[in-house]
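Fold and contact review
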Amino acid sequence: QVQLVESGGGLVQAGGSLKLSCAASGRAFNMYSMAWFRQAPGKEREFVAVITTISSITYYADSMKDRFTISRDNAKSTGYLQMNNLKPEDTAIYYCAAVSTLRHTYNLSSAYDYWGQGTQVTVSS
């Protein structure tokens, strides 16, 4: 198993930036692909990005690939989501998730076995 803890959320003005972190503990972090999802009030959980294990191949939701960057530091067992040019519609709880075998359904929350508790991101206009 792996335990995930997100941090780095907060309140930021539109156009600003935030960098979220996802600290992993338990089994070797480099054995897991790691993703970020977000959920705004009254909406379904939405895929943001995923990064694979050793090769660190990345996939993004089309609407976010120009502003968000996912990365990982296996030595620190930590994943990151750099968010630039934030917009009020980016306001949501951001969750990191992990899975040992990444499938073609990587954009679905059901594809992941482990989740963090989430970190709130609020973007003011």
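These lines cover the structure that appears in this document, whether it is placed above or below.

Rules behind the numbers
Residues numbered from 1 in each chain as written. Predicted model: local features only at pLDDT ≥ 70, side-chain atom pairs only at ≥ 80, totals over all residues. Heavy atoms only, no water. Helix = DSSP H or I, 4+ residues; strand = E, 2+ residues; numbered from the N terminus. Buried < 20%, exposed > 50% of the residue type's maximum accessible area, 1.4 Å probe, protein only. Pairing = 2+ DSSP bridges. Axes fitted to C-alpha atoms, helices over the stretch in contact; angles between N-to-C directions. Polar contact = N/O pair within 3.5 Å; in protein donor to acceptor, adjacent residues only side chain to side chain. Contact = heavy atoms within 4.5 Å. Core = buried A, V, L, I, M, F, W, Y, C linked by side-chain atoms within 4.5 Å. Salt bridge = Lys/Arg side-chain N within 4 Å of Asp/Glu carboxyl O. Phe/Tyr/Trp six-rings, centres within 6.5 Å; stacked < 30°, edge-to-face > 60°. Lys NZ or Arg CZ within 6 Å of the ring centre and 35° of its normal.

1. Quick word on the environment of Val5
Along the chain, Val5 turns up in strand E1 (residues 2-7). A residue is classified by how much of its surface remains accessible, and Val5, at 47% relative accessible area, is partly exposed. Sequence separation between Val5 and Ala23 is 18 residues, and the spatial gap between their C-alpha atoms is 5.2 Å.

2. Topic: the sheet that holds strand E3 (residues 18-26)
Spatially, the four strands line up as an open sheet ordered E1-E3-E8-E7, and their pairing is antiparallel. The sheet is open, and its two edges are formed by E1 and strand E7 (68-73), each paired on a single side. This sheet shows a mean twist of 20° between the axes of neighbouring strands, independent of strand direction. Across six bridges, the pairing between E7 and strand E8 (residues 78-83) is antiparallel. For Phe68, the partnering residue across the bridge sits in E8 and is Met83.

3. Quick word on the side chain of Arg38
Tracing the backbone shows Arg38 in strand E4 (residues 33-39). Here Tyr94 takes part through its side chain, which lies 3.0 Å from a polar atom of the side chain of Arg38. Non-local contacts of Arg38, meaning those with residues more than four positions away in its chain, are made with Glu44, Arg45, Glu46, Val48, Met64, Phe68, Glu89, Asp90, Ala92, Ile93 and Tyr94.

4. Looking at the nonpolar core
Among the nonpolar cores identified, the biggest contains 36 residues, and Trp36, Val48, Phe68, Leu81, Met83, Tyr94 and Tyr112 are the most heavily contacted of them. For this core, the secondary-structure elements that each account for two or more residues are E1, E3, E4, strand E5 (46-51), E7, E8, strand E9 (92-99) and strand E11 (119-124). Residue contributions to this core peak at six residues, all from E9. When residues no more than four places from it in sequence are discounted, the contact partners of Leu81 are Leu18, Lys19, Leu20, Trp36, Val48, Phe68, Thr69, Ile70 and Tyr94.

5. Some remarks on the pattern of salt bridges
Under the defined criterion, the tally for this structure stands at four salt bridges. Here Arg38 makes a salt bridge to Asp90, at a shortest N to O gap of 2.8 Å. Of this pair, Arg38 sits in strand E4 while Asp90 sits in the loop between E8 and E9, placing them 52 residues apart in sequence. Pair check on accessibility: Arg38 and Asp90 agree, each one buried.

6. Focus: unusual backbone geometry
At Ser77, a residue that is not glycine, the phi angle is positive and equals roughly 50°. Tracing the chain through its elements places Ser77 in the loop between E7 and E8. Take Ser77: its relative accessible area is 22%, and that puts it in the partly exposed class. We note that Asn85 has phi near 50°; this positive angle belongs to a residue other than glycine. Note that Asn85 resides in the loop between E8 and E9.

7. Looking at the packing of aromatic side chains
Inspection of every chain in the model, using the stated rule, returns eight aromatic pairs. With a centroid separation of 5.6 Å and an interplanar angle of 70°, the aromatic rings of Phe37 and Phe47 are classed as edge-to-face. Of this pair, Phe37 sits in strand E4 while Phe47 sits in strand E5, placing them ten residues apart in sequence. Pair check on accessibility: Phe37 and Phe47 agree, each one buried. Both rings, one in Phe37 and one in Tyr112, keep their centres 5.4 Å apart while their planes meet at 75°; by these two values the pair is edge-to-face. Of this pair, Phe37 sits in strand E4 while Tyr112 sits in the loop between E9 and strand E10 (114-115); the two residues are 75 residues apart in sequence, bridging distant segments of the chain. Residue class for Tyr112 comes out buried when judged on its relative accessible area of 5%. Ring pairing ties together the aromatic residues Phe37, Phe47, Tyr59, Tyr95, Tyr106, Tyr112 and Trp115, which thus form one cluster. Over the ring of Tyr95 we find Arg45; its NZ or CZ atom is 3.9 Å from the centre of that ring. Over the ring of Phe29 we find Arg72, and its NZ or CZ is 4.3 Å from the ring centre.

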